[in-house]
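Chains, contacts and geometry: an overview
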Amino acid sequence: MHEAQMDCPNASGKFESALKTSDYYRTCKLPKRFEYPSWFYGYGLQRKPPEHPLYRTTTSEYGRHPPTVHTIPTSYYPNNQEFTKALAKAGNYRNYSLNTGMDRSIV
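Residues numbered from 1 in each chain as written. Predicted model: local features only at pLDDT ≥ 70, side-chain atom pairs only at ≥ 80, totals over all residues. Heavy atoms only, no water.

Reading the Sequence similarities (unreviewed entry) entry of the UniProt record for the chain gives the comment "Belongs to the PIERCE1 family." (UniProt positions renumbered as here; feature names shortened; annotations may be inferred.)

Here we look at the overall build of the chain
Of the regular secondary structure elements, the chain holds three helices and two strands. Burial status across the chain gives 12% buried among its 107 residues. A sequence separation of at least 24 residues applies to 39% of the contacts in the chain between residues at least 6 apart. As presented, the chain carries roughly 9,700 Å² of accessible surface, and 55% of it is formed by carbon and sulfur atoms. (Helix = DSSP H or I, 4+ residues; strand = E, 2+ residues; numbered from the N terminus. Buried < 20%, exposed > 50% of the residue type's maximum accessible area, 1.4 Å probe, protein only. Contact = heavy atoms within 4.5 Å. Areas by Shrake-Rupley, 256 points an atom, 1.4 Å probe, with all protein chains shown as cover.)

A look at the packing of aromatic side chains
The relation between two aromatic rings is expressed through the spacing of the ring centres and the mutual angle of the planes. Within this structure, the stated rule accounts for two aromatic pairs. Both rings, one in Phe34 and one in Tyr76, keep their centres 5.4 Å apart while their planes meet at 70°; by these two values the pair is edge-to-face. Within this pair, whereas Phe34 is found in helix α1 (residues 32-35), its partner Tyr76 is found in the loop between α2 (58-62) and α3 (82-90), the two being separated by 42 residues in sequence. Take Tyr76: its relative accessible area is 26%, and that puts it in the partly exposed class. (Phe/Tyr/Trp six-rings, centres within 6.5 Å; stacked < 30°, edge-to-face > 60°.)

Let's talk about the side chain of Thr21
Position of Thr21 relative to the elements: it lies in the loop between β2 (15-19) and α1. A distance of 2.9 Å separates the side chain of Thr21 from the backbone oxygen of Phe34, its partner in a polar contact. For Thr21, the contacting residues outside a window of four places in its chain are Thr27, Leu30, Phe34, Glu35, Pro37, Val69 and Ile72. (Polar contact = N/O pair within 3.5 Å; in protein donor to acceptor, adjacent residues only side chain to side chain.)

Concerning α3
Of all nine residues that make up α3, zero are buried, and the element is exposed over most of its length. With its phi angle positive at about 90°, Gly91 sits one or two positions after the end of α3.

A closer look at unusual backbone geometry
We note that Lys29 has phi near 55°; this positive angle belongs to a residue other than glycine. On the secondary structure map, Lys29 appears in the loop between β2 and α1. We classify Lys29 as exposed; its relative accessible area is 62%.

Things to note about the side chain of Glu35
One can find Glu35 in helix α1. In this structure Glu35 is buried but unpaired, with Lys20 as the nearest side chain of opposite charge at 4.8 Å. With near-sequence residues (within four places) excluded, Glu35 lies in contact with Leu19, Lys20, Thr21, Ser22, Thr27 and Leu30. (Lys, Arg positive; Asp, Glu negative; His and termini not counted. Salt bridge = Lys/Arg side-chain N within 4 Å of Asp/Glu carboxyl O.)

Notes on the environment of Pro73
You can see Pro73 is positioned in the loop between α2 and α3. Judged by its relative accessible area of 38%, Pro73 falls in the partly exposed class. For the pair Pro73 and Thr21, spaced 52 residues apart in sequence, the C-alpha to C-alpha distance is 9.1 Å.

This is the structure we're talking about:
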């Protein structure tokens, strides 16, 4: 495999080469942020100073590593808002049936 690279500015503004997901995997409708996973920033490995090991949890251990071209999704199908728009026009369902249940005693 060859390493496809694109010069991109990093957080400090310096240009560095970035790996591209579509050069390793067949992709479908990927936004640029998934095409270049090195653009993601804010993970635990990048934290200065690093967090104290005593306060590390399993969840923070999973989220500690930034995505790579091998862990990023290869297809992207965003949700549209058609259901929400239709529900906003019609309103929520309301039950108008007869209530036959007994009320609980407060005592």
